[in-house]
Amino acid sequence: MSEERSYKVFKIENGTVIDHITSPMALKIIEVLGIKEQGIISMGMNFSSSKTGKKDLIKIENVYLSKSQTDIIALFSPNATINIIKDGKVVEKRKIEIPEIIHAILKCPNPTCVTNNYRDCESKFVVERHNGKSTIVRCFYCERETIVTPDMIK
């Protein structure tokens with residue numbers, strides 16, 4: 001039995017829309033961006049997508065994320081897109097690009113790394129390779145290379 005469903009995603013007048021998020025990464029992205037306390041956040045998860053099969057969507061009302069903020073999403077969802085909305089219209093469509101250096105977001109998987117043993121030492125990673133599906137980073141301190149996974153998020 002086939003059931004037809006309508007999806008309702010409310011339009012926002014002003015703010016940022018993050019679309020085409022790899023499912024189920026929306027909650028992690030909200031955590032990484034540190035936007036839990038900013039604006040009203042609407043989120044949809046597991047929507048059907050012809051491009052990716054499943055996708056998530058985040059709408060943040062009255063908050064305009066900067067390019068440097070949204071580029072970090074490429075670590076976890078390389079095909080995500082950003083729309084900046086003003087007065088109900090898309091005023092900017094932005095593709096995300098992975099940053100060259102990643103500060104304080106990831107935890108080094110090396111238990112003896114200085115970043116895991118001293119509170120005042122903030123993690124820093126250099127992006128070595130990124131192929132659209134996975135990202136390999138190198139810890140600036142211990143030089144361990146690793147593939148970025150969601151469990152590395154601090």
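Up top is the structure these notes are about.
Everything in this summary refers to the structure shown in the same document. Note that residues are indexed from 1 along each chain, following the sequence as it is written. Reporting of local features is limited, given that this is a predicted model, to residues whose pLDDT is at least 70; pairs of side-chain atoms are given and counted only at 80 or more, and all residues count toward the totals for whole chains, interfaces and linings. In computing side-chain properties, one takes all heavy atoms of the structure into account and sets aside hydrogens as well as water.

### What to know about the overall build of the protein chain
We count a stretch as a helix when DSSP gives it H or I for four or more residues in a row; a strand needs E for two or more, and each element gets its number in order from the N terminus. Each helix and strand in the protein chain was counted, giving two helices and nine strands. In the protein chain, the order of α-helices and β-strands from amino to carboxyl end is β-α-β-β-α-β-β-β-β-β-β. Expressed along its principal axes, the backbone C-alpha trace of the protein chain runs to roughly 50 × 40 × 25 Å. A buried classification covers 41% of the 154 residues belonging to the protein chain. Long-range contacts, defined here as pairs at least 24 residues apart, represent 58% of the contacts in the protein chain between residues at least 6 apart. In the structure as shown, the protein chain presents an accessible area of about 9600 Å², 48% of it carried by carbon and sulfur atoms. The charge count includes Lys and Arg as positive and Asp and Glu as negative, but it does not include His or the ends of the chains. Every charge is mapped to an atom, namely NZ of Lys, CZ of Arg, CG of Asp or CD of Glu. Positive and negative charge centroids in the protein chain, built from 23 and 19 side chains respectively, lie 3 Å apart. When a residue's accessible area, from a 1.4 Å probe over protein chains only, is under 20% of the maximum for its type it is buried; when over 50% it is exposed; and in between it is partly exposed. Contacts: residue pairs with any heavy atoms within 4.5 Å of one another. Areas reported here follow the Shrake-Rupley algorithm with a probe of radius 1.4 Å; residue values treat only the protein chains shown as occluding.

### So, the sheet that holds strand 5 (residues 89–95)
Should DSSP find at least two bridges between two strands, the strands are taken to pair. Here we have five strands laid out as an open sheet, ordered 2-3-1-4-5, and antiparallel in their pairing. Of all strands in the sheet, those bounded by a partner on one side alone are strand 2 (41–49) and strand 5. When strand polarity is set aside, the average angle formed by the axes of neighbouring strands in this sheet is 20°. Taken together, the seven bridges between strand 2 and strand 3 (residues 53–61) define a ladder with antiparallel strand orientation. Note that in strand 3 the partner of Phe47 across the bridge is Lys55. Helix axes are fitted only over the stretch in contact, all axes being lines through C-alpha atoms; the angle between N-to-C directions runs from 0 to 180 degrees. Packing of helix 1 (residues 26–33) onto the sheet brings it into contact with strand 1 (15–22), strand 2 and strand 3, and relative to strand 2 it is tilted by some 145°.

### A word on the sheet that holds strand 9 (residues 145–147)
An order of 6-7-8-9 is seen for the four strands of this open sheet, with the pairing classed as antiparallel. Here the strands that pair on one side only, and so sit at the sheet edges, are strand 6 (101–103) and strand 9. Pairwise comparison of adjacent strand axes, ignoring direction, gives a mean angle of 35° for this sheet. Two strands pair when backbone bridges link them, and strand 7 (residues 124–130) and strand 8 (residues 135–139) are joined in this way by five bridges, in the antiparallel orientation. Note on strand 8: the bridge partner recorded for Val127 is Val137.

### Let's talk about the nonpolar core
Nonpolar side chains in soluble globular proteins tend to be buried together. Judged by nonpolar contacts, the single largest core of 34 residues is most densely connected at Ile18, Ile102 and Leu106. Contributions of two or more residues to this core are made by strand 1, helix 1, strand 3, strand 4 (81–86), strand 7 and strand 8. Looking at which element gives the most residues to this core, the answer is helix 1, with five residues. In this structure, Ile12, Val17, Phe47 and Ile85 belong to the second largest nonpolar core, which totals five residues. Working definition of a nonpolar core: buried Ala, Val, Leu, Ile, Met, Phe, Trp, Tyr and Cys residues. They are joined through side-chain atoms within 4.5 Å.

### Some points on the pattern of salt bridges
In what follows, salt bridge is the name for a side-chain nitrogen of Lys or Arg lying within 4 Å of a carboxyl oxygen of Asp or Glu. Per the stated rule, a full pass over the model turns up six salt bridges. In this structure, Lys55 and Asp19 form a salt bridge, with 3.0 Å as the shortest nitrogen-oxygen distance. Here Lys55, found in strand 3, pairs with Asp19, found in strand 1; they are 36 residues apart in sequence, far enough to count as distant. Residues Lys55 and Asp19 agree in their burial class; the two are buried.

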